[in-house]
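Chain residues, written in single-letter form:
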Amino acid sequence: GAVCVRVVPLNKVVHDCLMAKELVETATAREELLRLGRALNCYCDAAGDADNNDQSLSPEMVLRGLLRGLCDIDSNGNAMVETWGVSSGECVMSVSSNEGQVHIETTDNDDQEVTSQKKDYLLLRQRLRQNGIGTPPHHHSLSDSNTKDNTALDIWNSQLRGSLLAGFQLACKNGPLCEEPLYGILVIIESVEIAITSSSNNNNNNSNKPTTTTSSTQQHQTTQVSGGMLVATLNTSIRAALLSRPVRLVEQYLKLTLHSSLSGLGPLNAILSKRRGRVIEDSMLDGTDLLLIVALLPQAESFHLASEILKKSSGEVTVPELVFSHWDLLEEDPFWIPTSLEEREDYGEIVNNGDLSTGKENNALRYIRMVRKRKGLLVDGSRIVVAAEKQRTLARKK
């Protein structure tokens, strides 16, 4: 079988609307809903027309279409929806080939039958992907109902549909970069294709009467697909879709509150700038010569902060109070590579072992390596020992 999956970014205001199941009146809620509706081919309503879809589309219609196909939503800003075709069964189709598989391999010596079969499959896949969110039934009629399609729909509803939720939750729990939770993605299930094989059963009636032969055709799944296979497939497809586009890390920020004298501002600012922190508020305390300073600092850069402040400022700055502030996007590409001639001259070429680090300081790549190393995952910059049991010391006794 095959499942067509699309992954798009999900804005926080759209996620809030889906959680509340109503339009949340904010400055950008309507604009973000309209943008998402156009990207997902969201049809307006049963009386709408595809030609004037952009003019008649409204945020309420987009939200209604998303809620109609909503399968799951979590508190991290992720959601999974089905298109109208999958929800109604119009896009759950049966596909068969000479080998009994959905995918048809391309070979040099294809005969005319395989070539025509491949064209039919490509046409079917194109028609399946034309459906959108909230599409009314009479807007799209992809194919006439037949025995194979009914069999595929029964297999999908009884055996495979429940595994989508587990695959989505597993993909959101462990992201592709450093196996951390994902934030702000929308997974769309667009179509399902299941390989169906027809088998004929011939029954011979042996009696004193003349022999009669009756044949019956049975439809069954070509290759048995379990729920665990669908969970792993959906998890892999979501990870591959995320890595095909630019990805970013989301980091936690802490709020610092401390007191400092005028002589301690220099060392404090140097420490905060080195750790990518910034001061958001400073005020003079009445009756003293101390300053009340409020700053933001990434949580990954907060280790050994108090000891460094006391050491560098010679006690002129108090120990900071750290509380959680918010989550923010780290606008650094972890897979950045030098492409232009000037960048190659400044940062050098990529080494042959797959290490993407260059002379440029990349905090996102450094964080990914730190987390993966702590979890025991494969790190591209680490040195791998081959055949460790064959190692010998450099000193040789003669």
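Quick note: structure is the one above.
Counting from 1, residues in each chain are numbered in the order their sequence is written. It should be noted that, the model being predicted, local features are given only for residues of pLDDT at least 70 and side-chain atom pairs only at 80 or more, the latter also being counted only at that level, while totals for whole chains, interfaces and linings use all residues. Only heavy atoms go into the side-chain values, all of them from the structure, while hydrogens and water stay out.

Caption draft 1: Main features of the overall build of the chain. Helix and strand counts for the chain stand at 13 helices and ten strands. With a 1.4 Å probe rolled over the protein chains alone, any residue whose accessible area is under 20% of its type maximum counts as buried; one over 50% counts as exposed, and the rest are partly exposed. Across the 398 residues that make up the chain, the buried fraction comes to 36%. Two residues form a contact once any of their heavy atoms are found within 4.5 Å. By sequence separation, contacts in the chain at least 24 residues apart represent 71% of the contacts at least 6 residues apart. Within the structure as shown, the chain displays about 23600 Å² of accessible surface, and the carbon and sulfur contribution to it stands at 50%. Only DSSP runs of H or I with at least four residues qualify as helices, and only runs of E with at least two residues qualify as strands; both kinds are numbered from the N terminus onward. For every accessible area listed, the method is Shrake-Rupley and the probe measures 1.4 Å; residues are considered covered only by the protein chains on display.

Caption draft 2: Focus on helix H11 (residues 305-313). Every buried residue of H11 is listed here: Leu-305, Glu-308, Ile-309 and Ser-313. What you see down the axis of H11 is that its buried residues fit within an arc of 105 degrees, all on one side. Where H11 is buried, its residues contact strand S7 (249-260), helix H10 (265-274), strand S9 (291-298) and strand S10 (321-330). One or two positions beyond H11, positive phi appears at Ser-314, with a value near 60 degrees. As used here, the arc is the angular range of directions from the helix axis to the C-beta atoms.

Caption draft 3: The environment of Arg-275, seen in detail. Note that Arg-275 resides in the loop between H10 and strand S8 (278-284). Residues Arg-275 and Leu-297, spaced 22 residues apart in sequence, show a C-alpha to C-alpha distance of 7.3 Å. Discounting residues that sit within four places of it in the chain, Arg-275 has contacts with Leu-297, Pro-298, Glu-301, Ser-302, Phe-303, His-304, Leu-305 and Glu-308. Among the polar contacts made by the side chain of Arg-275, one reaches the main-chain carbonyl oxygen of Phe-303 at a distance of 3.0 Å. Each polar contact in these results corresponds to two N or O atoms within 3.5 Å; when the atoms are within protein, one needs to be able to donate a hydrogen and the other to accept it, and residues that are neighboring in sequence are counted only if both atoms are side-chain atoms.

Caption draft 4: Layout of the environment of Val-192. For Val-192, the location among the structural elements is in strand S5 (residues 185-205). Excluding its chain neighbours within four sequence positions, the residues that come into contact with Val-192 are Ala-2, Cys-91, Val-92, Met-93 and Trp-156.

Caption draft 5: View of the pattern of salt bridges. When a carboxyl oxygen of Asp or Glu lies within 4 Å of a side-chain nitrogen of Lys or Arg, that pair is called a salt bridge. Counted according to the given criterion, the structure contains 15 salt bridges. A salt bridge links Glu-179 to Arg-239; the nearest nitrogen and oxygen atoms lie 3.0 Å apart. Note that Glu-179 is positioned in the loop between helix H8 (163-173) and S5 and Arg-239 in helix H9 (residues 227-243), a separation of 60 residues in sequence. Assessed through its relative accessible area of 21%, Arg-239 is described here as partly exposed. Between Arg-248 and Glu-331 there is a salt bridge, with the nearest N and O atoms lying 3.8 Å from each other. With a gap of 83 residues between them, Arg-248 in the loop between H9 and S7 and Glu-331 in the loop between S10 and helix H12 (341-347) connect regions that are remote in the sequence. Residue Arg-248 is classed as partly exposed on the basis of its relative accessible area, which comes to 31%. The exposure class of Glu-331 is exposed, given its relative accessible area of 59%.

Caption draft 6: Focus on the nonpolar core. Working definition of a nonpolar core: buried Ala, Val, Leu, Ile, Met, Phe, Trp, Tyr and Cys residues. They are joined through side-chain atoms within 4.5 Å. Core analysis: the biggest nonpolar cluster contains 24 residues, and Trp-156 and Ile-194 have the highest contact counts within it. For this core, the secondary structure elements donating two or more residues are helix H7 (147-160), H8, S5 and H9. The leading source of residues in this core is S5, at six residues.

Caption draft 7: Focus on the sheet that holds S8. What the four strands build is an open sheet, ordered S8-S9-S7-S10; its pairing is antiparallel. Among the strands making up the open sheet, the edge pair consists of S8 and S10. If you compare each strand with its neighbour and ignore which way they point, the axes differ by 20 degrees on average. Examined bridge by bridge, S8 and S9 share six bridges and lie antiparallel to one another. Residue pairing across strands places Glu-281 opposite Val-294, the latter belonging to S9. Strands are treated as partners if at least two bridges between them are detected by DSSP. For helices, the axis comes from a line fit to the C-alpha atoms of the stretch in contact; other axes are also lines fit to C-alpha atoms, and the angle between any two N-to-C directions lies between 0 and 180 degrees.

Caption draft 8: Layout of the packing of H8 against H9. With their axes 8 Å apart at the nearest point, H8 and H9 run at an angle of 40 degrees to one another. Looking at the two axes, H8 sits oblique to H9. Between H8 and H9 the crossing geometry is right-handed. On the side of H8, the interface is formed by Ser-163, Leu-164, Ala-166, Gly-167, Phe-168, Leu-170 and Ala-171, while H9 contributes Gly-227, Leu-230, Val-231, Leu-234, Asn-235 and Ile-238. The residue inventory of the contact of H8 with H9, partitioned by class, reads nine nonpolar, four polar and no charged. To sort the angles, those under 35 degrees are grouped as roughly parallel, those over 145 as roughly antiparallel, those from 65 to 115 as roughly perpendicular, and the leftovers as oblique. By convention the crossing between two helices is left-handed if the near helix lies anticlockwise of the far one by an angle smaller than a right angle, and right-handed if it lies clockwise. In this count, Pro and Cys sit with the nonpolar residues alongside Ala, Val, Leu, Ile, Met, Phe, Trp and Tyr, while Asp, Glu, Lys and Arg are called charged and the others, Gly among them, polar.

Caption draft 9: Focus on the packing of helix H2 (residues 29-39) against helix H4 (residues 59-68). At a minimum axis distance of 8 Å, the contact between H2 and H4 shows a crossing angle of 60 degrees. Between H2 and H4, the angle is such that the two are oblique. Crossing angle aside, the handedness with which H2 passes H4 is left-handed. Contacts between H2 and H4 involve Arg-30, Leu-33, Leu-34, Leu-36 and Gly-37 on the former and, on the latter, Pro-59, Glu-60, Val-62, Leu-63 and Leu-66. Of the residues that constitute the contact of H2 with H4, the class distribution is seven nonpolar, one polar and two charged.

Caption draft 10: Region of the structure containing unusual backbone geometry. You will see that Lys-21, though not glycine, has its phi angle at about 60 degrees, which is positive. Under the relative-accessibility criterion, Lys-21 is labelled exposed at 62%. With a phi angle near 60 degrees, Ser-314 is a residue other than glycine that sits in the positive phi range.

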